[in-house]
Amino acid sequence: MHELALIQSVVEMVTEHAQGRCVRRVKLEIGKFTCVTPDAMRFCFDVVATGTPLDGARLEIVEIEALARCRVCGETFVQQTLWSCCPCGERDYDRLSGDELQVKEYELDADATV
Amino acid sequence: MCETCGCSEGAETKIVNLETCKTRDPASNHHDDSHHHAHLHDDGHFHDHVHDHDHSHSHASTVLLERDVLAKNTALAARNRAWFAGREILALNLVSGPGAGKTTLLERTVRELRHTLTIFVIEGDQATTNDSLRIRAAGVPVVQINTGSGCHLDADMVARGLAELKPSFGSVLVIENVGNLVCPAMFDLGESAKVAILSVTEGDDKPIKYPHMFQAASLLLINKIDLLPYVEFDLNRCQDYARQVNPAIEIMTLSATTGEGLENWFDWISAPSRREHGGTFPQPLEAVLDLK
């Protein structure tokens, strides 16, 4: 399953960046078309974070909608499915968002900020 | 162990070089620096754009990170891609579900083209060297990557495979990925193109059911067309679905067993323009540097 090791990467990344300080919140941005399931990410996070500086931290997931810009009419439109076409009917577009998978920010525990 | 997919819990990747009959465990291995492409240090050679932006709140501090979870693989894939481009190697990532006929097609391709093209192969499977032994018997150099319980190849595995295989300048490298229509779509290997294979025994709605893979592919090969009289597979509907998720996808129908339609596939691989537009550089380096 993807989500387990993706979360392992997240925990390792944040732990390293926080230099071992306790973390109380992690915010992920996940694009609508990214091949991960938010619920599975939350489940895995609780398991993987146990015993690490992220133990007990809240995982906040923000889903980024899929936006595309039509190369024919120039309109920016929301894609509901991976194959949604522009309202003008064309399928020639540049995707602007929807493929993200990033750690946006994390919040240190109060005691950690010395 | 795959760093970004939890399906390989503790299993180790192995590189099997059929030329030297040696098996390497990449976790305990270092390559000499003359192969600058060969290995990656733990801290990576990439630097992503990180902001450290502490806000001094009275109760907590928020740190803006903005780091891509897949950044490491993306960076390694970019390095692979540049490596291929510098050597004018056409690198193809062959993807499909299990049993679509990747190995049989590759076997046939190698046998037919090895006297006109220089071909190297990286085989990816969870276990065994079965596929790589078939390719070696077909007459070209091959390395087997066993992912353990891993469900896909990643850029680091490919880099380590390249260090063993040492594909030559101007060659064609075919990477046969693990049979899986989901995960390989997420992991860039640095290839010039993904070639997806779908067999008529799998169902004509596969492109719409696994849209990420078919959107990522440049070419779709519909295989086993000799079996069309015996299965309920609507060729036109399948192609419509593929074009719905990827209007630019090229589609060929063929049979790796009977040979029908293979000429188009061979012409596609052999076309000189394929190499010129692969990788990072739109033209061969010698043209860019005006060395002719």
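Since the structure is predicted, the reported quantities are computational estimates derived from the model, not experimental observations.

Chemist: Mind laying out the overall build of chain A, listing which residues take part and the relevant values?
Modeler: Of regular secondary structure, chain A possesses 2 helices and 6 strands. Counting from the amino terminus, chain A carries its helices and strands in the arrangement α-β-α-β-β-β-β-β. Rg of the C-alpha trace for chain A: 18 Å, well past the compact-globule value of 13 Å for 114 residues, more than 25% over. Taken along the three principal axes of its C-alpha coordinates, chain A extends 55 × 30 × 15 Å. Considering chain A as a whole, with its 114 residues, one finds that 33% of them fall into the buried category. Residue pairs at least 24 apart in sequence account for 72% of intrachain contacts in chain A once pairs closer than 6 positions are excluded.

Chemist: Account for the overall build of chain B, with residues named and values stated.
Modeler: When its secondary structure is counted, chain B shows 10 helices and 10 strands. Across the 292 residues in chain B, those meeting the buried criterion constitute 46%. Within chain B, contacts between residues separated by at least 24 positions form 73% of all contacts whose residues are at least 6 apart in sequence.

Chemist: How would you sum up the interface of chain B and chain A? Please name residues and give values.
Modeler: With 28 residues of chain B at the contact, the number on the chain A side is 27 residues. Elements supplying a minimum of two residues to the side of chain B that touches chain A: strand E3 (61-68), helix H6 (211-216) and helix H7 (235-245) of chain B. If one sorts the elements of the side of chain B that touches chain A by residue count, E3(B) sits on top with 8 residues. Where strand E6 (residues 101-108) of chain A lies against E3(B), 6 bridges are found, and the strand directions are antiparallel. Residue pairing for E3(B): Glu107(A) is matched across the bridge by Thr62(B).

Chemist: So what's going on with the confidence of the model for chain B? Residues and values would help.
Modeler: Residue and element names in this part refer to chain B. Confidence in the prediction for chain B averages 83 pLDDT; 78% of positions are at 70 or higher. Every residue in residues 29-58 scores below 50 in pLDDT, and together they form 35 contacts with partners more than four places removed in sequence or on other chains. With pLDDT under 50 throughout, residues 277-285 is counted as low confidence; its partners more than four residues away or in other chains account for 21 contacts. In the predicted complex, the global pTM is 0.78; the interface-specific ipTM is 0.85.

Chemist: Outline helix H3 (residues 130-138) of chain B, listing residues and values.
Modeler: Residues and elements named next belong to chain B. Where H3 is concerned, the buried positions are Asp 131, Ser 132 and Ile 135. Angular distribution of buried residues about the axis of H3 spans 95°; they occupy a single face of the element. At the C-terminal side of H3, Gly 139 shows a positive phi close to 110°.

Chemist: Before we move on, could you go through the sheet that holds strand E7 (residues 172-176) of chain B and cite the residues and values that matter?
Modeler: Residues and elements named next belong to chain B. Overall, mixed pairing links the 9 strands, which are arranged E2-E1-E6-E5-E7-E4-E8-E9-E10 in an open sheet. This sheet does not close on itself; its edge strands, each paired only once, are strand E2 (22-24) and strand E10 (250-253). Averaged over all pairs of adjacent strands, the angle between their axes in this sheet comes to 20°, without regard to strand direction. Here strand E9 (residues 219-223) runs beside E10; their pairing, made up of 4 bridges, is parallel. Considered in E10, the bridge of Leu 220 is made with Ile 251.

Chemist: Now, about the environment of Glu16(A): what can you tell me, with residues and values included?
Modeler: Within the secondary structure layout, Glu16(A) lies in helix H1 (residues 2-17). Spatially, the C-alpha atoms of Glu16(A) and Pro53(A) are 9.9 Å apart, while their sequence positions differ by 37 residues.

Chemist: Outline the packing of helix H2 (residues 102-113) of chain B against helix H8 (residues 262-270) of chain B, listing residues and values.
Modeler: All names here are of chain B. Where H2 meets H8, the closest approach of the two axes is 11 Å, and the angle between their N-to-C directions is 70°. In terms of orientation, H2 and H8 fall into the roughly perpendicular class. Between H2 and H8 the crossing geometry is right-handed. On the side of H2, the interface is formed by Arg 108, Thr 109, Glu 112 and Leu 113, while H8 contributes Leu 262, Phe 266, Ile 269 and Ser 270. Of the residues assigned to the contact of H2 with H8, the class counts are 4 nonpolar, 2 polar and 2 charged.

Chemist: An account of the packing of helix H1 (residues 71-86) of chain B against helix H4 (residues 155-165) of chain B is needed here, citing residue identities and associated values.
Modeler: All names here are of chain B. Contact geometry of H1 with H4 gives a least axis separation of 8 Å together with a crossing angle of 35°. Where H1 abuts H4, its residues Asn 73, Leu 76, Ala 77 and Asn 80 lie against Ala 155, Asp 156, Val 158 and Ala 159. A class-by-class count of the residues in the contact of H1 with H4 yields 5 nonpolar, 2 polar and 1 charged.

Chemist: Please provide a residue-by-residue account of the sheet that holds strand E5 (residues 93-97) of chain A, values included.
Modeler: Residue and element names in this part refer to chain A. Reading across the sheet, the 3 strands line up as E4-E3-E5 and stay open at both edges, with antiparallel pairing between neighbours. On the outer flanks of this sheet lie strand E4 (76-78) and E5, each paired with one strand and no other. Across the sheet, the axes of successive neighbouring strands diverge by a mean angle of 35°, strand direction being ignored. Bridging between strand E3 (residues 67-70) and E4 involves 3 bridges; their strand directions are antiparallel. Each bridged residue has a counterpart across the sheet, and for Arg 69 the counterpart in E4 is Thr 76.

Criteria and cut-off values
Counting restarts for each chain: residues are numbered from 1 in the order of the written sequence. In the order they appear in the text, chains get letters beginning with A and ligands get numbers beginning with 1. With the structure being a predicted model, the display of local features is reserved for residues of pLDDT at least 70 and the display and counting of side-chain atom pairs for 80 or more, all residues being used for whole-chain, interface and lining totals. Each helix corresponds to a stretch of at least 4 residues labelled H or I by DSSP, and each strand to a stretch of at least 2 residues labelled E; elements are numbered beginning at the N terminus. Here the radius of gyration uses the C-alpha set of atoms, whereas the globule reference equals 2.2 Å times the residue count to the power 0.38. Between the buried cut of 20 or more and the exposed cut of 12 or fewer other C-beta atoms within 10 Å of a residue's own C-beta lies the partly exposed class, and all C-beta atoms are placed from the backbone. By the criterion used throughout, residues are in contact when their C-beta atoms, derived from the backbone, lie within 7 Å. Pairing between two strands is assigned when DSSP locates at least 2 bridges connecting them. pLDDT expresses, on a scale from 0 to 100, how confident the predictor is about each individual residue. Relevant arc is that of directions from the helix axis to the C-beta atoms, nothing else. Geometry is summarised by axes, namely lines fitted to C-alpha atoms with helices restricted to the contacting stretch, and by angles between N-to-C directions that run from 0 to 180 degrees. For classification, angles of less than 35 degrees are called roughly parallel, those exceeding 145 degrees roughly antiparallel, those between 65 and 115 degrees roughly perpendicular, and all remaining angles oblique. Should the near helix be turned anticlockwise from the far one by less than a right angle, the crossing is termed left-handed; should it be turned clockwise, right-handed. Three categories are distinguished: nonpolar for Ala, Val, Leu, Ile, Met, Phe, Trp, Tyr, Cys and Pro, charged for Asp, Glu, Lys and Arg, and polar for the others, with Gly belonging to the last.

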